[in-house]
Structure formats: structure tokens, C-alpha cells
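The lines below spell out each chain.
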Amino acid sequence: MVPTTYYIALSAILFTMGVAGVLIRRNAIIIFMSVELMLNSANLAFVAFARQFASLDGQIFVFFVMTVAAAEVAVGLALIVAIFRTKKSINVDEINTLRG
Amino acid sequence: MTIELSLFFLLALIAMLAAGGMLLSRNAVYSALFLIVNFATVAVFFLLLGAPFIAMAQVTVYAGAIMVLFLFVIMLLGAERLRQKSVLPWQAPLAVVLGIVLLVEAGVVIVTRGLGAPPPALSETAAAGFGGPQAIGASLFTTYLLPFEVTSVLLLAAMVGAIVLTRDEKGKSQIPNSKSQTGK
């Protein structure tokens, strides 16, 4: 078996890449994808710990995280589409006013 | 033993390269495809960790449904190419530095408090259905029944929210050339 530490380290690396994506990129959709990457790395840590402690609770939590991610993507992409209709752009630098 | 370890490193390399490709590619469609590769490798990790049900859910929900939604919106908006003319030029290097700091911090925690030994082998009875649909379902519908039901309310709220947010208000479309549709 691969030690759990390796999985946690990989999870940390993927999470950091997601953080860097959120901070560096200006395209709202790519920022959103980076958030998905972070959620996914957290899922990897959950499953690794579930295996370490031979308990199914971690896998159940992954199930709930996936559900929340799906709901978040649906609402977030709807928001992006609505913003694109009014501003004609999804560059987050140009979306800096509260009114459309 | 060695086969599993080498498989882990190969898959970890693919996952990291895919994540890097997602971050750096100019075209948002390529980013989405790189992210699908990443999700697929993570699904294989789930299989290695004894979570077949979660692995299949990962492939269908993430790599299937969610990424199709992403690709659909990217192509609908025609926003695959965005000029990266930043208003804050100092922000990207700072972000990279802060990301490295975060990674070092996490590394220190993992190395000092880490679980160096491989996880204990499952006993015969536990290994039989660990992570399978039956075990997950039994736990989901007994211990976690209330969170499971709350999840359905969450999904309903997300569905209603998505429909309301993207609805074209017919009453407001009288203003000329404000609603010329954004086809391309």
C-alpha cells in the first residue's frame, strides 16, 4: 500500500495549484475551475483518511462535497452567464461595480 | 508493492501536469479538458484507496456532468480566449509567492505530523464490501439520513436559482439594442 502521507502531499500540491489559479487567472470560468480543483483535492484527502482509519464516514463526506460542488457549479455558471449578458465580459478585473 | 507505488507516482505526475496545464493554457476549452484528465486520475486514486463507488460517482458527476456544463457555458459565451491584460501587474508574482508559502506550510505540517506508515490492512470481513455501493448506501440511509435529505433541498434551491438567474425578463426587453442576444 502507498503511505497515506503521499496522498496527503499530493492533495496539498493540487490544492495549492487551485489557489494559484484563483489568484493568477482573470477569466471567471477558469477561476471557477480552480475552485473545483481545490474541492477535488480535499476529496482526495478525505478518501485517503477514510482508508487510513478503515471508516466509511470520509467517503460519505466526499459524496456530500460532490453534491455541494454540483449545486455550486449550476448557480455559479448561471451567475457568469447573467454577468456576461450585462457586461459583455467575464474578465474579473472589469467586473468591479455593483450595478450592471 | 512496487507496482502500486510506481503507479501512484505515474498518476501523481499526470495529475500535476494536468493541473498545471489547466492553469497555464490560454484557451478555456483546453483548460476544461485538462481538468477532466485531472478528475480521471483522481478517480483512479479513489479506486486504489478502496472507494469504488466514489470513483464511479467522480467519473459520472465530475468528469461527466459538471465538466459538460463548463464546456457548454464556455462555448455558449464564446469566452474561450480572453486577453490577459491585467490591471494589477504586481499581483501574479505575489500570488505565486503566496502559493509557494502555503505549499511549504502544508509540507511542514505533513512531514512533522505525517502518517509515514502504510495504512493498516483491512480485515477479511471489512475488506469484503469496503467502499462499495451497498456499504455506502447502508451508511447513507441510516447514520446520515438527515444530511442526505437536506442535500435534496440544496439541489432544489440550486435548480431554482439557476433558472431564475438565467431567465430573460420579458418585461424589460423593450429597451432597444439592450437585448441583442449574445450568440457568438
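For clarity, every value in this text was computed on a predicted model and none was experimentally measured.

Cut-offs used in this document
Residues numbered from 1 in each chain as written. Chains lettered and ligands numbered in written order. Predicted model: local features only at pLDDT ≥ 70, side-chain atom pairs only at ≥ 80, totals over all residues. Heavy atoms only, no water. Phe/Tyr/Trp six-rings, centres within 6.5 Å; stacked < 30°, edge-to-face > 60°. Helix = DSSP H or I, 4+ residues; strand = E, 2+ residues; numbered from the N terminus. Buried < 20%, exposed > 50% of the residue type's maximum accessible area, 1.4 Å probe, protein only. Axes fitted to C-alpha atoms, helices over the stretch in contact; angles between N-to-C directions. Parallel < 35°, antiparallel > 145°, perpendicular 65-115°, else oblique. Contact = heavy atoms within 4.5 Å. Nonpolar A, V, L, I, M, F, W, Y, C, P; charged D, E, K, R; others polar.

**Thoughts on the packing of aromatic side chains**
Piece 1. On inspection of all chains with the given rule, the structure shows 16 aromatic pairs over all chains.
Piece 2. Taking the centre distance of 4.6 Å and the plane angle of 50° together, the rings of phenylalanine 39 of chain B and tyrosine 62 of chain B count as tilted. With phenylalanine 39 of chain B in helix 2 (residues 28-48) and tyrosine 62 of chain B in helix 3 (residues 52-77), the pair connects residues that are 23 residues apart, well separated along the chain.
Piece 3. Aromatic pair phenylalanine 141 of chain B and phenylalanine 148 of chain B: ring centres 4.9 Å apart, planes at 70°, arrangement edge-to-face.
Piece 4. On the basis of relative accessibility, which here comes to 47%, the residue phenylalanine 141 of chain B falls in the partly exposed class.
Piece 5. With a relative accessible area of 23%, phenylalanine 148 of chain B lands in the partly exposed category.
Piece 6. Connected via pairs of aromatic rings, a cluster forms that spans Phe46, Phe61, Phe63 and Phe64 of chain A together with Phe53, Phe141, Tyr144 and Phe148 of chain B.

**Observations regarding the packing of helix 3 (residues 57-87) of chain A against helix 7 (residues 145-166) of chain B**
Piece 1. At a minimum axis separation of 9 Å, helix 3 of chain A and helix 7 of chain B run at an interaxial angle of 10°. As summarised for this structure, helix 3 of chain A and helix 7 of chain B are arranged roughly parallel, according to the angle between their axes. Touching Phe63, Phe64, Thr67, Val68, Ala71, Ala74, Val75, Ala78, Leu79, Val81, Ala82 and Arg85 of chain A of helix 3 of chain A are Pro147, Phe148, Thr151, Leu154, Leu155, Ala158, Ala162, Leu165 and Thr166 of chain B, all from helix 7 of chain B.
Piece 2. Of the residues assigned to the contact of helix 3 of chain A with helix 7 of chain B, the class counts are 17 nonpolar, three polar and one charged.

Limitation: the analysis is restricted to geometry and does not speak to function.
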